[in-house]
Amino acid sequence: MLPGYVDGAPVAPRIVAALSVPVRTIPSIDLLGMRISRVNRAETLEILQEFINSGKPHLVVTADASGHVIAAGDPEYRRIVNEAALVTPDSTGILWAARKLGTPLEERVSGVDLAEQLCAESARRGYGVYFYGAAPGVAEAAAETMRKRYPGANIVGTVDGFQNSPEQQAALLADIKAKRPAVLLVAMGIPKQEKWIRQHLEELGVPVCMGVGGTFDVFSGRAKRAPLWMQRHGLEWLYRLIQNPKKYSKVATLPVFTLRVLLRRRLPGS
Ligand code: UDP
């Protein structure tokens, strides 16, 4: 058993039961009403492999500050996150808040890093990964990058995130079921991606279903990741804003989040 997984490890007072029975007990903290798993990157990868080995469906959320603010006004999204099998700390904002509230977390476990690691593991182990989301052509370009970077990466499907008609949805669901991937990465932004996964989780039966936001834009080269120094100083949001001013509404949630933390304002109903 890994350190940090022993019973009796200091966990926050309020722990909400996970939707899928976890393969191991995953400790979590209570971030003002949002459950965040107390995991580092290495532990997360082991847990995801255990999910895959179990063959049962699991919803994985990569939580950032904007998600916390969205959760305040969206009870459905709030419930989905708090019932997910795993909620990783995606952003420096979440790490800052956890430290401020006296329940520090070890490191960022971001969706884009996890998605890349899963592609690398797919090349090693051969399991299937399905990309759903982003503008037309982007998921395919992202898959190409991963195949080049990790020869043998078994990306079994790529579909853009604008399958809005009932016929398109039916075709998409049938394709995922037929291809039986171990991992389904859904990149349609918060909270759309998590709601879509939650709605189809049992029907699809994919062991790891994870919302990954703008990850395919990054993999395909359409969006660049902030330089490491900016990531380390918690300035990724500034870099994204400069790259894409449409991100303003997401960035605008940051002061709201900061204030919620400083005032210790809990999510409604928590
Ligand atoms: N997107 C999509 N379908 C939609 C709306 C958005 O596939 O109906 C995609 C969009 O093209 C982009 C991603 O979802 O690739 C959203 O990325 P963002 O970085 O905004 O996600 P978040 O910050 O919410 O994690």
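Parameters at a glance
Residues numbered from 1 in each chain as written. Predicted model: local features only at pLDDT ≥ 70, side-chain atom pairs only at ≥ 80, totals over all residues. Heavy atoms only, no water. Near = heavy atom within 4 Å. Polar contact = N/O pair within 3.5 Å; in protein donor to acceptor, adjacent residues only side chain to side chain. Areas by Shrake-Rupley, 256 points an atom, 1.4 Å probe, with all protein chains shown as cover. Phe/Tyr/Trp six-rings, centres within 6.5 Å; stacked < 30°, edge-to-face > 60°. Helix = DSSP H or I, 4+ residues; strand = E, 2+ residues; numbered from the N terminus. Buried < 20%, exposed > 50% of the residue type's maximum accessible area, 1.4 Å probe, protein only. Pairing = 2+ DSSP bridges. Axes fitted to C-alpha atoms, helices over the stretch in contact; angles between N-to-C directions. Contact = heavy atoms within 4.5 Å.

Participant: Mind showing me how you'd approach the site of the ligand here?
Facilitator: The immediate surroundings of the ligand are formed by 15 residues, with Gly 161, Lys 192, Asp 217, Lys 247 and Lys 250 found nearest. The contact in question runs from an oxygen atom of the ligand to an N or O atom on the backbone of Ala 187, over 3.2 Å. Note that an oxygen atom of the ligand is positioned 2.6 Å from one of the side-chain N or O atoms of Lys 192. Relative to its unbound accessible surface of 550 Å², the ligand loses 75% to contact with the protein.

Participant: Please clarify how the packing of aromatic side chains should be interpreted in this entry.
Facilitator: Any pair of aromatic rings gets described here by the distance separating the centres and the angle formed by the planes. The full count for this structure, using the stated rule, is 2 aromatic pairs. When the centroid spacing of 4.6 Å and the interplanar angle of 15° are considered together, the rings of Phe 131 and Phe 216 count as stacked. Of the two residues, Phe 131 is situated in strand β5 (residues 129-133) and Phe 216 in helix α9 (residues 215-219); the sequence distance between them amounts to 85 residues. With relative accessibility at 0%, the residue Phe 131 sits in the buried group.

Participant: Please clarify how the sheet that holds strand β6 (residues 155-159) should be interpreted in this entry.
Facilitator: Sheet strands associate in pairs through backbone hydrogen bonding, adopting either a parallel or an antiparallel arrangement. Taken in spatial order, the 6 strands line up as β4-β3-β8-β7-β5-β6 in an open sheet, and their pairing is parallel. Each edge of the open sheet is held by one strand with a lone partner, namely β4 (86-89) and β6. For this sheet, the mean angle separating the axes of adjacent strands, direction not counted, is 15°. Where helix α1 (residues 41-54) meets the sheet, its contacts fall on β3 (58-63), β4, β7 (183-187) and β8 (208-211), and the angle it forms with β4 comes to roughly 160°.

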